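What the coordinates show
For reference, the chains in residue letters:
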Amino acid sequence: DIRETVECQLKDPMDLFHSGQVVKICAPMVRYSKLAFRTLVRKYSCDLCYTPMIVAADFVRSAKARDSEFTTNKGDHPLIVQFAAKEAQVLCDAARIICPFADGIDLNCGCPQRWAISEGYGACLINKPELVKDMVRHVRSQIDNPKFSVSIKIRIHEDLKRTVDLCQKAEAAGVSWITVHGRSIEERHQPVHYDAIKIIKQSISIPVVANGDIKTLKDAENVHHLTEADGIMVARGLLANPAMFAGYEETPFQCIQDWVDIALELGTPFTCFHHHLMYMMERITSKQEKKVFNVLSSTSAVLDYLNDHYGL
């Protein structure tokens, strides 16, 4: 029954890229881009949402991992599930399990964390173009639904020719679109190379999504002009202001109220509920208020605080 309910809501994510508008995307964020937050940003003009990265091997092997890592509902579309994988068949098996409940999968080729790279996941895959090509091709051949998208998210090489080669190989294997975080594996807080994203965009014919340091709708528009990208993916900017894509300069109180309603309805764990509020209220609270709010330790204390200070 659940499967039927969700399946009839599935969408073709590629329709967004053919709409003529820049596609506004919520990035895969560890701990944060879960169902409740996706529900919130969708209310504020976000077109497409990603899940946090899920390790495909664990997802395939363990029902417990599936239950804890992935939750959705019929309003949660279009939805892309991001996987960390290093073997084509494991990625295919994960894609098969997820296929009835999501609109596509994304292969993480960009995570620069040490644990991911040492396990053979994430950003180290940008140095294995043949493997990436093989993984994309495998999923394409084993998933029957032609509307199910297969995308990749990458970082760039110091030598951009290598990145262009990787992207062209992925395109030849049937990848739906490519998200480019415009930094190399070593770069953390250095300026994003938007010029590199533009070169990649000009070297392939599938959609390209730009990612990195986009904090406001104005930033998104600027990056679109600089890169000619078809979509803009935002992470921390949306954490600080989930209403960013709807044109708000800072988080409106209505958005905070919406978060409280959604989080309580979906049974969001307290730590996650509280952390999101800390991010959202960062720009609208004084240092003194933060000191008090950030150490609250229960849902009821948070609700009392919001009621007393903001009438929420």
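The rules behind each value
Residues numbered from 1 in each chain as written. Predicted model: local features only at pLDDT ≥ 70, side-chain atom pairs only at ≥ 80, totals over all residues. Heavy atoms only, no water. UniProt positions renumbered as here; feature names shortened; annotations may be inferred. 1 Å grid on protein atoms, 1.4 Å probe; cavity = no way out; pocket = protein on both sides within 12 Å on 5 of 7 lines; lining within 4 Å. Contact = heavy atoms within 4.5 Å. Helix = DSSP H or I, 4+ residues; strand = E, 2+ residues; numbered from the N terminus. Buried < 20%, exposed > 50% of the residue type's maximum accessible area, 1.4 Å probe, protein only. Expected span 1.5 Å × (residues − 1). Core = buried A, V, L, I, M, F, W, Y, C linked by side-chain atoms within 4.5 Å. Domains from an automatic or database assignment.

The protein has the name tRNA-dihydrouridine(20a/20b) synthase [NAD(P)+]-like in an unreviewed UniProt entry, where Anthoscopus minutus is given as its organism. Listed in UniProt under the heading Function (unreviewed entry), the comment for the protein reads: "Catalyzes the synthesis of dihydrouridine, a modified base found in the D-loop of most tRNAs." You can read under Sequence similarities (unreviewed entry) in the UniProt record for the protein the words "Belongs to the Dus family. Dus4 subfamily."

Focus: the UniProt feature "binding site: FMN" (unreviewed entry) in the protein
Sequence positions flagged by UniProt for "binding site: FMN" (unreviewed entry) are, in local numbering, Pro28, Met29, Val30, Gln82, His181, Ala235 and Arg236. Of the annotated set named above, Pro28, Met29, Val30, Gln82, His181, Ala235 and Arg236 line the largest pocket. Dropping the residues within four chain positions of it, Pro28 is found in contact with Ser33, Tyr50, Thr51, Pro52, Met53, Gln82, Lys153 and Met233. If you trace the backbone, Val30 turns up in the loop between strand E1 (23-26) and helix H3 (35-43). On the accessibility criterion, Val30 (48% relative accessible area) is partly exposed.

Regarding helix H9 (residues 160-173)
The terminal C-alpha atoms of H9 lie 20 Å apart, and with 14 residues this matches the ideal 20 Å at 1.5 Å per residue to within 8%. Listing the buried residues of H9 in full gives Leu160, Thr163, Val164, Leu166, Cys167, Ala170 and Ala173. Buried residues belonging to H9 abut helix H8 (129-142), strand E6 (149-155), strand E7 (178-181) and helix H10 (194-203). Phi for Gly174, located one or two positions after H9, is positive at around 105°.

Focus on the nonpolar core
Counting residues in each nonpolar core, the largest one holds 89 residues, and the members touching the most others are Phe83, Ile152 and Ile178. Broken down by element, the residue count for this core peaks at seven residues, all from helix H6 (residues 88-98). Shared between two domains, this core holds at least three residues of each, these being domain 1 (13-246) and domain 2 (253-310). Ignoring any residue separated from it by four or fewer positions in sequence, one finds Phe83 in contact with Met53, Ile54, Ala56, Phe59, Leu91, Ala94, Ala95, Ile98, Ile105, Asp106, Leu107 and Asn108. Counting 11 residues, the second-largest nonpolar core is a separate cluster that includes Phe17, Ala27, Ile80 and Met233.

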